[in-house]
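Close look at the chain arrangement
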Amino acid sequence: MSLKIYNTITRRKEKFVPINPPKVGMYVCGVTVYDLCHIGYARSAIVFDIIYRYMKFRGYDITYVRNFTDVDDKIINRAGESGLQWNEVAERYIEEFNADMAALGVLTPDVEPKATDHIAEMLEMIEALVDKGMAYELDGSVYFSVKSFAGYGKLSGKNIDDLLSGARVDVDESKHDPLDFALWKASKPGEPAWESPWGMGRPGWHIECSAMGRKYLGDTFDIHGGGKDLVFPHHENEIAQSEGSSGKAPVNVWIHNGFVNINSEKMSKSLNNFSTIKDILKTYHPEAVRFFLLTSHYRSPIDFNTQAITSAGKNLYRFYDLFSEEKKLVPEAPPGPETDTSPTEKFTELMNDDFNTATALAFLMEELRRINHLRNEMSRMKKKSDRYKNARTQFALGVRTMKKLGGVLGLFQRDPSDFIDSFKVAKLNEVGVTLDWIQKLIDTRAAARAEKNFAESDRIRDELEGKGILLRDTPEGTTWSISLD
Ligand SMILES: [Zn+2]
């Protein structure tokens, strides 16, 4: 069974052949740290987290590099607005980003380079391009000459002539060609600045990824990823810079994830529908967000809406509900293999098809139904019978396998009772009620029942049910659970 990956540059699914197996090098564009991270980036982070986890699962020794763009116009502007220094803005949003990633269960990449720590590597690449006549200086800035690189457009499929006819040419534009892009920018007074052969300045955006990718993964590495919005111009420009300076194609496989839409609309500043990760996690459980994002193939667009994420959360709850039974049914791990071969093979086959998490999750749902069915059958068997013991071994193996395969997707790794408690809290946030409010109603109802006021008692029960909270009266008192209907 071989892994096939859709390669943006060849526009087809190809068998994955690492350059130097079992090693795999993967570079993914990180964030520009000037603001809180939105759900669109969460998708990218989770998609490449899955690829990272899956490569490890397949036995590859993967090195994952994801950068921080910590010098940029947006950071400088934010500093101006907030009264902070530009580097204080960057530090603050790196911390916020790290907290978001931890909440979403995204593994930390092996290397997280910052652009400002790699100015020397960028200058080296820019000088090589100038020496080759592929870049030129203008008033202290340096531009890449797009016409000097014959392969320009090969990633995005764009044609230079079409781009030129569509390019907006500013009247005072002094570049040789409107498509040329900045490798180095002369700094204005008060802006961050580093010494260079062309005077004090700062790097353009594209050059950092070329320089850091080369430094950590070599002239040519296996995988480069990012959101679809980065194909042009960012990744197209990266190829021009890297291949222009080294003469070698920098990347074998280009992977791009699709967008997140909000209620069927594209996220945009003008629609004011950017949802930050922090906002979303105020309402939804982080693992439910991950589960939801994996229900679509990574290259397809995904629509973020209340119904879809609520349904993802309920499905996730069903898994943890099963796991919470494990300790009761199988207090000690029975002997036997760590994982069941057949579901593992099926899962691998689905994931080998361009990391198809949508079908892999659907398969895990089938497995959930199978094991739940077994659990129900066990409740009707005699506890001492061989049939029961056999079923219990199958149950334990099924649950173990499911947790292991779910782990490849970054799911099912929490303690079941912790998950169920935190899911309840998230669910209450979603419907806008508090634990105190529920307890108060339960107490009021108990008092009403004591006075045999059953009309009031029923009214309270209905009120709670309206919020998706189900009451159960037991000899020890009234408990409650979340409705999954
Ligand atoms: Zn990049």
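First, a word on what this report is: a plain description of the structure on this page. Just so we're clear, the structure is a prediction, and the values are computed from it rather than from any experiment. (Residues numbered from 1 in each chain as written. Predicted model: local features only at pLDDT ≥ 70, side-chain atom pairs only at ≥ 80, totals over all residues. Heavy atoms only, no water.)

Points about the sheet that holds strand 7 (residues 181–186)
Threshold: DSSP calls a pair of strands paired once it identifies at least 2 bridges connecting them. Helix and strand assignments come from DSSP, with helices taken as H or I runs of at least 4 residues and strands as E runs of at least 2, each series counted from the N terminus. Axis lines are fitted through C-alpha atoms, for helices just across the contact stretch, and the angle between N-to-C directions can take any value from 0 to 180 degrees.
With antiparallel pairing, four strands are arranged side by side in an open sheet as 5-6-7-8. The sheet terminates laterally at strand 5 (135–138) and strand 8 (201–203), the two strands that pair on one side only. Pairwise comparison of adjacent strand axes, ignoring direction, gives a mean angle of 25 degrees for this sheet. As judged from the three bridges shared by strand 6 (residues 141–144) and strand 7, these two strands associate in the antiparallel manner. Bridge pairing in strand 7 places tyrosine 143 opposite alanine 182.

Section: the coordination of the zinc ion
Selection criterion: Coordination partners: N, O, S within 2.8 Å of the metal, 3.2 Å for Na, K and Ca; water not considered, so apparent gaps in a site are possible. Throughout, exposure labels follow a simple rule: accessible area from a 1.4 Å probe, protein chains only, divided by the maximum for the residue type, with under 20% read as buried, over 50% as exposed, and the rest as partly exposed.
Protein-derived coordination of the zinc ion comes from Cys29 (SG), Cys209 (SG) and His234 (NE2), at a distance range of 2.0 to 2.2 Å. Looking at histidine 234, the relative accessible area reads 1%, which means it is buried.

What to know about the packing of aromatic side chains
Put simply, the test is: Ring geometry is summarised as follows: Phe, Tyr and Trp rings, the Trp one being its six-membered ring, pair when their centres sit within 6.5 Å, and such pairs are stacked at plane angles under 30 degrees, edge-to-face over 60 and tilted between the two.
Applying the stated criterion across every chain yields a total of 24 aromatic pairs. Between the aromatic rings of phenylalanine 292 and phenylalanine 304, the centroid separation amounts to 5.4 Å while the plane-to-plane angle is 90 degrees, which identifies the pairing as edge-to-face. Placement of phenylalanine 292 in helix 9 (residues 286–293) and of phenylalanine 304 in strand 13 (residues 302–304) is noted, with a sequence separation of 12 residues between them. In terms of burial, phenylalanine 292 and phenylalanine 304 fall into one category: buried. Measuring from centroid to centroid gives 6.5 Å for phenylalanine 319 and phenylalanine 323, while their planes differ by 40 degrees, and the two rings are tilted.

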